[in-house]
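As a plain string of letters, each chain reads:
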Amino acid sequence: MRDASAIVTTLRWEWFRLSRRPGAWVILGLSSAAVIGALAVATALLHLTPIDLSIASHGFPLLAFEVLSRLGPFLGIILAAMIFGGDHGWGTLRPLLARGQPRWQLMIAKLSLVAIILAVLWIAAWILAAVVGLVAGESGTVPGGLFLDMPDGWLATVGSFASAWLVSIAYTGLAALLCTLGRSTAFGMGAAVAILIIEFTVYPVAGLIADLFLDISLSEYVRWTLHGTSGGVMGRDDDLSAWLFLPATLVYITVFCGLTLLVTGRWDVGSGNG
Amino acid sequence: MPAVSVSGLTKRFGRVTAVDGVSLDVPSGGVFGLLGPNGSGKTTLLSMVSGFIRPTDGTVTLLGHNGPAGHEQGLHMVGALIERPIFWPYMSCRDNLRCLQGVYGADGGDAEIDDLLDTVNLGGEAARRKFRACSTGMKQRLGIAAALLGDPSLLILDEPTNGLDPVGIVEVRDLIRGLAADGRRTVILASHLLNEVEQVCDQVAVMRRGKLLYCGPVAGMGTSGSALVRTTDDGRADAALTDAGWEIRSRSEDGLEVAVTPGREWEISRDLAAAEIYVSGLRPLGGSLEAGFMEVTGDADGESE
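Residues numbered from 1 in each chain as written. Chains lettered and ligands numbered in written order. Predicted model: local features only at pLDDT ≥ 70, side-chain atom pairs only at ≥ 80, totals over all residues. Heavy atoms only, no water.

A. Quick peek at empty space enclosed by the protein. Evaluation of the coordinates by the stated rule reveals four cavities of 30 Å³ or more. Each pocket or cavity is described by its volume, and for the largest cavity that value is around 170 Å³. Pro95(A), Ala80(B), Leu81(B), Ile82(B) and Ile86(B) are the residues nearest the centre of the largest cavity, which is lined by 18 residues in total. (1 Å grid on protein atoms, 1.4 Å probe; cavity = no way out; pocket = protein on both sides within 12 Å on 5 of 7 lines; lining within 4 Å. Points joined across faces, edges and corners; volume = space filled by probe spheres on them.)

Have a look at this one:
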């Protein structure tokens, strides 16, 4: 109980510091703008074009989900780099730990803060999309505009948002680990984004080459990489159910966060780079 | 109970041994100096005491607490400024202190922060200035203020006067003396400046190349650990002191050179008086404190790091 209370207190002061960083508000503003922009564009298109636009058939919340699912990993990486990397780079882990707070409590508080911020963003985006859909439906722009042709209804959209959130947490863990290993915001963010981009670009090309020239199917292996698992849990794997990817995603989160805690607990706390 | 007790404390970074089997007790109350040239291992030693660096070997007992969990508990009552003041550059001095006050669970509120900012002369506009825009001296003052949050019973200050102007140096030295004046707080002051330690500290430990070379009264460092005794009858005095267990290092026309712990010279006089021998002169041997420091650190021959 005392540990939980200490973590909550630490989390509160983590937010205090983050909320005073202009960069954090810029990132959150850009993310919000991306979602709002996508919804605005969709609404405008629906005004101009017939109702059978594919975008309309997916409903507004799923449109927001599509935006967030692409944005989420980057957002998780950037927030983790700011919250973990900053303290390593400046050396401000030292004043935080000066009065004997266990290092694991601090790390848990930091991870929790990123998870909460992302959850709030995701929920806000879902609510915004739902409101836009309702308004569009009521105004006749999109008949029944909120959940058009969605056989599983609103619950499915909540599940989609939860899976996108989970994926962003996995990338948060990756960036937290890299920031801790490199003791730097730049290294953590750069390496995590590089991994993300390599996954996006190298796997399809490698799969194609293997298929064409080596007669090997790489898709079975790529499916369980961080990229493949992330796509799978968000329902992008045509062959397997999203539920199968949930344990794999949780394993990634556990490994990344566990290693972050382990390294932080064992390594010396540096005084940063100034 | 010593405020800090370290035993066999060692830290190796790869092949480099930064601290080599240091054992010492820091008595409770007063100002304890940790003196040594740059690179002597002072900061590494204090970083291990503060829990930032894991020792390769040895133990630290902090305010009676030892073991990993005990060490963390002991740190609740320790304020530290080690190596350099470290804060969040994008926040004001006041917000930095507020944040750390919250993290430390100190319950002094705004009043404590105002008091601390005033104590280190960072009130008014300076308190609103972003840390990144502060001068070196202001940063150092803020570091001292943060170390004082929650009124800790042990303060560890590593080169606290770095970057301060002469007036600031005098103020900080007065502050340190004042903090330990009531005897309920212990201050460990690490410095490479001999005169700083001489002016502020009661006891001193001297380090060089990771090893502890001397630990004792500041005044004792300026002596060679012996005293020249002149009596009305040196022959009888020699016998009496030898019988009383004193080591006579040399005998000359000037008198007897007797090995003695600095500050305990009066015991020689006492034993001679008991043997009804009159003392005509007794003075500790050795030169200035600086010469003593050079002798202790082996710099007398010009050797330096």
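Resuming the write-up.
B. Fine view of unusual backbone geometry. A positive phi angle is found at Arg183(A), which is not glycine, with a value near 50°. Counting through the fold element by element, Arg183(A) comes out in the loop between helix H7 (153-182) and helix H8 (185-214). Positive phi, close to 50°, is recorded for Glu159(B), a residue that is not glycine. Relative to the helices and strands, Glu159(B) is located in the loop between strand S6 (154-158) and helix H7 (166-181). (Helix = DSSP H or I, 4+ residues; strand = E, 2+ residues; numbered from the N terminus.)

C. Seen up close, the sheet that holds strand S10 (residues 226-231) of chain B. All names here are of chain B. Pairing within the open sheet is antiparallel, and its four strands lie in the order S11-S12-S10-S13. Unpaired on one side and paired on the other, strand S11 (248-252) and strand S13 (279-284) mark the two borders of the sheet. With direction set aside, neighbouring strand axes in the sheet form an average angle of 20°. In terms of strand pairing, S11 meets strand S12 (residues 255-259) through four bridges, oriented antiparallel. (Pairing = 2+ DSSP bridges. Axes fitted to C-alpha atoms, helices over the stretch in contact; angles between N-to-C directions.)

D. Geometry of the side chain of His71(B). Residue and element names in this part refer to chain B. Position of His71 among the secondary structure elements: in helix H2 (residues 67-75). Using a relative accessible area of 14% as the deciding quantity, one classes His71 as buried. Apart from residues no more than four positions distant in its own chain, His71 is found in contact with Met48, Val49, Gly51, Val60, Leu62, His65 and Asn66. (Buried < 20%, exposed > 50% of the residue type's maximum accessible area, 1.4 Å probe, protein only. Contact = heavy atoms within 4.5 Å.)

E. Representation of the sheet that holds strand S4 (residues 57-62) of chain B within the structure. Residues and elements named next belong to chain B. Taken together, three strands build an open sheet; the order of strands is S2-S1-S4 and the sheet is antiparallel. Both edges of this open sheet fall to strand S2 (16-26) and S4, since each of them pairs with a single strand only. Strand-to-strand twist of the sheet, defined as the mean angle between neighbouring strand axes without regard to direction, takes the value 20°. The sheet contact formed by strand S1 (residues 4-13) and S2 spans seven bridges and is antiparallel. Each residue of the ladder has a partner; that of Leu9, found in S2, is Val22. Of the strands in this sheet, S1, S2 and S4 touch helix H1 (residues 42-49), which is tilted by about 115° from S1.

F. Expanded view of the state of the cysteines. Residues and elements named next belong to chain B. One pass over the full model with this rule turns up zero disulfides over all chains. Cys134 carries a free sulfur, and the closest cysteine sulfur to it, the one in Cys93, is 3.5 Å from it. For the unlinked cysteine Cys215, the closest cysteine sulfur is that of Cys201, found at 12 Å. (Disulfide = S-S within 2.5 Å.)

G. Local environment of helix H11 (residues 242-266) of chain A. Residues and elements named next belong to chain A. Its 25 residues give H11 an end-to-end C-alpha distance of 36 Å, which sits within 8% of 36 Å, the value for a rise of 1.5 Å per residue. The complete set of buried residues in H11 reads Phe245, Ala248, Thr249, Ile253, Phe256, Cys257, Thr260, Val263 and Thr264. The N-capping residue of H11, defined by a side-chain oxygen 3.1 Å from the backbone nitrogen of Trp243, is Ser241. (Expected span 1.5 Å × (residues − 1). Polar contact = N/O pair within 3.5 Å; in protein donor to acceptor, adjacent residues only side chain to side chain.)

H. Representation of the interface of chain A and chain B in the model. In this assembly, 29 residues from chain A lie in contact with 34 residues from chain B. Of all residues in chain A, Arg94(A), Arg99(A) and Asp268(A) give up the largest surface area on contact with chain B, accounting jointly for 29% of the area buried on that side. The interface formed by chain A and chain B holds three salt bridges in total. Taking the shortest distance from any N to any O, the salt bridge between Arg94(A) and Glu83(B) comes out at 3.6 Å. Only helix H1 (2-18), helix H4 (59-90), helix H5 (93-97) and H11 of chain A provide two or more residues apiece to the side of chain A that touches chain B. With five residues, H1(A) is the largest single contributor of residues to the side of chain A that touches chain B. (Buried area = accessible area lost by both parts, 1.4 Å probe. Salt bridge = Lys/Arg side-chain N within 4 Å of Asp/Glu carboxyl O.)

Treat this as a map of the structure, not an account of what it does.
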